[in-house]
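# Examining the three-dimensional arrangement
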Amino acid sequence: DWYINTDPIRQKVLIDMAYNLGVGGLLQFRRMIAALERGDYEGAADQMLDSRWAEQVGYRAVRLAEMMRSGRDYA
């Protein structure tokens, strides 16, 4: 439900992350997923940036987190 209940831009973020991490890797973002279940996009973005993945992908993580926060596409 946490995926289906998000808008298309935020779904795009999750698809991008799943492509990079694999679905299993995306599912390891438990706190981000919990925030999405609450509709807390600020919290979800914070959890994205507070990760090893964000350190590894750098600016890409910042851009995707901003898309998660705002619901706007910055691609």
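Our structure is the block above this text.
This report concerns the structure included in the present document. (Residues numbered from 1 in each chain as written. Predicted model: local features only at pLDDT ≥ 70, side-chain atom pairs only at ≥ 80, totals over all residues. Heavy atoms only, no water.)

## Focus: helix α5 (residues 59–70)
Because an α-helix completes one turn every 3.6 residues, residues spaced three or four positions apart along the sequence face the same direction. If you check α5, its first and last C-alpha atoms are 16 Å apart, about what twelve residues at 1.5 Å a residue would give, namely 16 Å. Turning to α5, its buried residues are Ala61, Arg63, Leu64, Ala65, Met67 and Met68. (Helix = DSSP H or I, 4+ residues; strand = E, 2+ residues; numbered from the N terminus. Expected span 1.5 Å × (residues − 1). Buried < 20%, exposed > 50% of the residue type's maximum accessible area, 1.4 Å probe, protein only.)

## Remarks on helix α3 (residues 41–49)
Turning to α3, its buried residues number three or more, namely Tyr41, Gly43, Ala44, Ala45 and Met48. Of the surrounding elements, those touching the buried residues of α3 are α1 (8–26), α2 (30–38), α4 (52–57) and α5. (Contact = heavy atoms within 4.5 Å.)

## Points about the pattern of salt bridges
Side chains that differ in sign of charge can pair as their charged atoms come close. Per the counting criterion, the structure on display carries six salt bridges. Among the ionic pairs, glutamate 42 bridges to arginine 69, the shortest N-O distance being 3.1 Å. In this pair, glutamate 42 sits in helix α3 while arginine 69 sits in helix α5, placing the two residues 27 residues apart along the sequence. Look at glutamate 42 and you get partly exposed, because its relative accessible area is 45%. The salt bridge partner of aspartate 46 is arginine 69, with a shortest N-O separation of 2.9 Å. A residue pair is termed long-range when its members are at least 10 positions apart, and aspartate 46 in helix α3 and arginine 69 in helix α5 qualify at 23 residues. (Salt bridge = Lys/Arg side-chain N within 4 Å of Asp/Glu carboxyl O.)

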